[in-house]
Amino acid sequence: MSVLDDRASFLGSKVVYQIYVRSFCDSDGDGIGDLPGITSKLDYLADLGVDYLWITPFYPSPQNDNGYDVADYCAIDPLFGTMDDFDQLAAQADARGIGLMLDMVFNHTSTSHEWFQRALAGDPKYLAYYKFVDAAPDATADDPGEPPTNWESKFGGNAWEYVPALNKWYLHLFDVSQADLDWDNPEVRAELGKVLRFWQRKGVSSFRFDVVNLVSKPAGWPSDDTDGKHFYSDGPRIHEYLQDMVRRGGIDGLLTVGEMSATSLDSCIRYTNPESHELAMVFNFHHLKVDYPDGEKWELMEPDIDVLRDLYRTWQEKMTAGGGWNSLFWSNHDQPRPNSRFGDTVNYWYESSTLLPTCTHLMRGTPYIYQGEELGQTITDFTSIEQYRDVESHNYYRIIQERGHTPEEAFKIVHARSRDDGRYPMAWDGSKTGRFTSGTPWLALPANHAWINAEAEMADPHSVRAYYQRLIALRKELPVVQAGDVRFLDAASDKVIAYERKLDDVRVLVQCNFSGEEQPALACADGELLIGNYDDPGEAGVLRPWEAVAHIWR
Ligand code: GLC
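What you see is a predicted model, and the numbers here were worked out from it, not measured in a lab.

S.K.: Any chance you could break down the site of the ligand for me, citing the residues and the numbers?
M.R.: D65, H108, D210, H333 and D334 are the nearest of the 14 residues found near the ligand. Within the side chain of D65, a nitrogen or oxygen atom sits 2.5 Å from an oxygen atom of the ligand. Note that an oxygen atom of the ligand is positioned 2.9 Å from one of the side-chain N or O atoms of E259. When the ligand is considered free in solution it has 310 Å² of accessible area, and contact with the protein chains removes 96% of it. For the shell around the ligand, the class distribution of residues is four nonpolar, three polar and seven charged. Of the domains in this structure, domain 1 (3-107 + 185-384 + 426-468) and domain 2 (114-180) are the two that each give at least three residues to the shell around the ligand.

Here it is, written out as C-alpha cells:
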C-alpha cells in the first residue's frame, strides 16, 4: 500500500465530534458546561460511534472570545474543571476507544497571558513574542497617529492597538484582547512545540490548530485598498513554520487539522500532502460562503447550490488528485446551524437535517459533527440583540446599522448569521434547561428543544440521531467510503448534488435534492439502496423534496 492509501484507511475511517465545552453539559450547576460534564456523556458519544472528540479551549482565559483568548496553554480554567478532571476525561474516553483532539490557539494569546503582561512591562524578550511596532515619536494616547497598516480585525475595526506606555502598536487580527504572536521569532515556535508535547504526555493524540494559516505575516507591513487578509492568509513562510511546529511538537502522522481562513486549494494540497509533513487535513470555508452576497457575511441571500456543487467538485476531486485530504463539515461553533441555513426546517426539518450529512459523510475525507447537529438542532429563536452573548454579533449589529441598515434589518441579519446560533446548549431532554444544567444556562435554548433533544431521539429509531448513527456505521463498514475515488456527476437538475465513489468493483452513487420540489434523479434502479431519508423507495427517476439517497453496486 502507498503512503496515500495508508492514510486514506486511517483518516477515512474516522469521525470527529466537536464539543463546544461551555455548551455541552454542566456538572456543577453554574450554567456553563465543563470537563466532568463531558465525561458524564461519554457513553452517549460512544453509542453514536465517533472516534475523536475535538474539545474547544478550556484553558485559563478571560473568556472575551469564549476561550479562544488563552492566558495559559498548559492549565485548565476553573470554570471548566481541574487537571484531575481532564485526566479522568482522557482516561475514560480512552477506555471507550475515543481519542481527544485539543484546540491549539497559536496565532494569538490573550493579553492576560503572562508573556503579554511581561511585554507590557517592557521586557524585551517578551516584546519580541508579539507583533509590536513603534508608533511615531510624537504619538499620544489621544492622537496616536496612523496604525502600521490599515488591516481590519476579523471582529470589526482596525487590527492595531496603541499602547501609550510603550509608544508602540500591537497587532490583533481578532479581538483587541487577542494579541498576535510573532512566529518569525524561533523562541515563540519553541514555546508552542513544548505545549504540544505537554498535552501528548497527558495522552492527547490529536490537535486542531486555530486559524493557523494566519501565523506568517509579511515583512514591511504593507497596506492596500483591501481589508489586508490576502497579505497574511497562507502567508510567506507558512509551510516552513508548520513543518517546524510539527517537528518541534512531534506530531507528524497524528490526526491533526488546521483551520484555514481565506485559503487556496493549492495551499491546502501542500498543507495535507503527507510528503510535506505539515497537517493531516484542513478546514476550508469556501462552501460556507455560498450564501454571502459578494462574499459579505453580514448580508443575506439564498445559498447558491450551483456554486456549492462546483466547490465540492473542485475540493473533492483536486485535493484527491494532489494527494491532499479534506475534512467534511457543515457546522462548528462559528457557524449558524446548517439545517436552518441550507435546508427548510419549517416544512422539512427531518429531511433537511438528514440530507446535509448524507451529502458530506459519504464524500472522501474525514467527517466532523458539531454537537447537537446529530439531533437536528436549529438556529436560536431569540427576538432581541440583548439575548446574544457573542462579541462578533454585538460588534456587527452596530456596524450593520452604520452601513445604513435599520435596527430591524440588522437584527434579522444577526439572527441568521450569529455564532450564538450554534452555541446555545445541547438539549439532553425536553425540560426547561434541557437537562444541560441544574442552574440557568449561559445562553438560552430555543423552545423547539421540547422535541429536538437527545432523550426523545434516542428512543426513536427514525430520529435524526439514528440516521447519523447509520452514516457513521457505513463509513466504518465500507472501504469505498473510506478510500474510494470521488467523481462529481452532472445531475439532471441544478438543485441536486450528485457524486460517485469507486473502489475496485464497488460503486456508490449519492444524490441530494437541495429543494422543496421534486427533481429528476439519475438512474439507479439496479443498485442496492444503501441509505436514504424517506421510508419508502418512491417513484423511479424522482427525488422528493429534500430527499437524499445513496445506492451501492457490489
Ligand atoms: C477561530 C475560532 C473562533 C475564534 C477565532 C479566534 O476562527 O474558531 O471561534 O474566535 O479563531 O481565535
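S.K.: For the side chain of D210, give the residues involved together with the corresponding values.
M.R.: Of note, D210 is situated in the loop between β9 (206-209) and α8 (229-232). Other than its neighbours up to four places away in sequence, D210 contacts Y68, D103, M104, V105, H108 and E259.

S.K.: Residue-level account of the domain arrangement of the protein chain, with values.
M.R.: In terms of domain boundaries, the protein chain breaks down into domain 1 (3-107 + 185-384 + 426-468), domain 2 (114-180), domain 3 (385-417) and domain 4 (485-553). Opposite the 27 residues of domain 1 that make contact, domain 2 presents 23 residues. Both sides together, the interface formed by domain 1 and domain 2 hides about 2,000 Å², and carbon and sulfur atoms give 56% of it. The largest contributions to the domain 1 side of the interface with domain 2 come from E191, W221 and Y232, which together make up 29% of the buried area. If you look at where domain 1 meets domain 2, you find two salt bridges. At the surface where domain 1 touches domain 2, the tally comes to 13 residue pairs in polar contact (both at pLDDT 80 or more). At the level of secondary structure, the elements contributing two or more residues to the side of domain 1 that touches domain 2 comprise α7 (186-201) and α8. With four residues, the single largest contributor to the side of domain 1 that touches domain 2 is α7. When grouped by side-chain class, the residues that make up the side of domain 1 that touches domain 2 number twelve nonpolar, seven polar and eight charged.

S.K.: Would you mind going over the packing of aromatic side chains in detail, with residue names and values included?
M.R.: Enumeration according to the criterion identifies 41 aromatic pairs in this entry. Relative to W199, the ring of Y59 has its centre 5.9 Å away and its plane inclined at 55°; by these criteria the two rings are tilted. With Y59 in the loop between β2 (52-55) and α4 (83-95) and W199 in helix α7, this residue pair connects regions lying 140 residues apart in the sequence. Like Y59, the residue W199 is buried in the burial classification. Between Y312 and W330, the aromatic rings sit 5.9 Å apart at their centres with planes inclined by 80°, giving edge-to-face as the arrangement. Linking Y312 in helix α11 (residues 305-321) with W330 in the loop between β12 (327-328) and α12 (338-342), this pair joins segments that are 18 residues apart in sequence. The exposure classification of Y312 matches that of W330, with both residues buried. These aromatic residues form a ring-pair network of at least three members: Y73, F106, W115, Y126, Y129, F207 and F209. Above the plane of the ring of W442 lies R22, whose end atom (NZ or CZ) is 4.7 Å from the centre. Its guanidinium or amino end placed over the ring of W428, K41 lies 4.2 Å from that ring's centre, counting from NZ or CZ.

Rules used in this analysis
Along each chain, the written sequence defines residue order, and numbers are assigned to residues from 1. Since the coordinates come from a predicted model, pLDDT governs what is reported: local features require at least 70, and pairs of side-chain atoms require 80 or more to be given and counted, while whole-chain, interface and lining totals use all residues. Calculation of side-chain values draws on the structure's entire complement of heavy atoms; hydrogens and water are dropped beforehand. The rule for a residue being near a molecule or strand is that one of its heavy atoms must lie within 4 Å of it. Two N or O atoms form a polar contact when they lie within 3.5 Å of each other; inside protein one atom must be a possible hydrogen donor and the other a possible acceptor, and for residues adjacent in sequence the pair counts only when both atoms belong to side chains. Accessibility throughout is a Shrake-Rupley quantity obtained with a 1.4 Å probe, and a residue counts as covered only by protein chains that appear here. Throughout this entry, Asp, Glu, Lys and Arg are counted as charged residues, while Ala, Val, Leu, Ile, Met, Phe, Trp, Tyr, Cys and Pro are counted as nonpolar. The remaining residues, Gly among them, count as polar. A domain assignment, automatic or from a database, supplies the domain bounds used here. Here a helix means four or more residues in a row that DSSP labels H or I, a strand means two or more in a row labelled E, and each is numbered from the N terminus. Every residue pair with non-hydrogen atoms within 4.5 Å of one another is taken to be in contact. Buried area: the sum, over both parts, of the accessible surface (1.4 Å probe) that disappears when the two are put together. We define a salt bridge as a side-chain nitrogen of Lys or Arg found within 4 Å of a carboxyl oxygen belonging to Asp or Glu. Stacked, edge-to-face and tilted labels apply to pairs of Phe, Tyr and Trp rings (six-membered ring for Trp) whose centres lie within 6.5 Å, assigned for plane angles under 30 degrees, over 60, and everything in between, in that order. Relative accessibility thresholds used throughout: buried, under 20% of the residue-type maximum; exposed, over 50%; partly exposed, between the two (1.4 Å probe, protein chains only). Lysine and arginine charges are scored as sitting over a ring when NZ or CZ, respectively, is within 6 Å of the ring centre and within 35 degrees of the ring normal.

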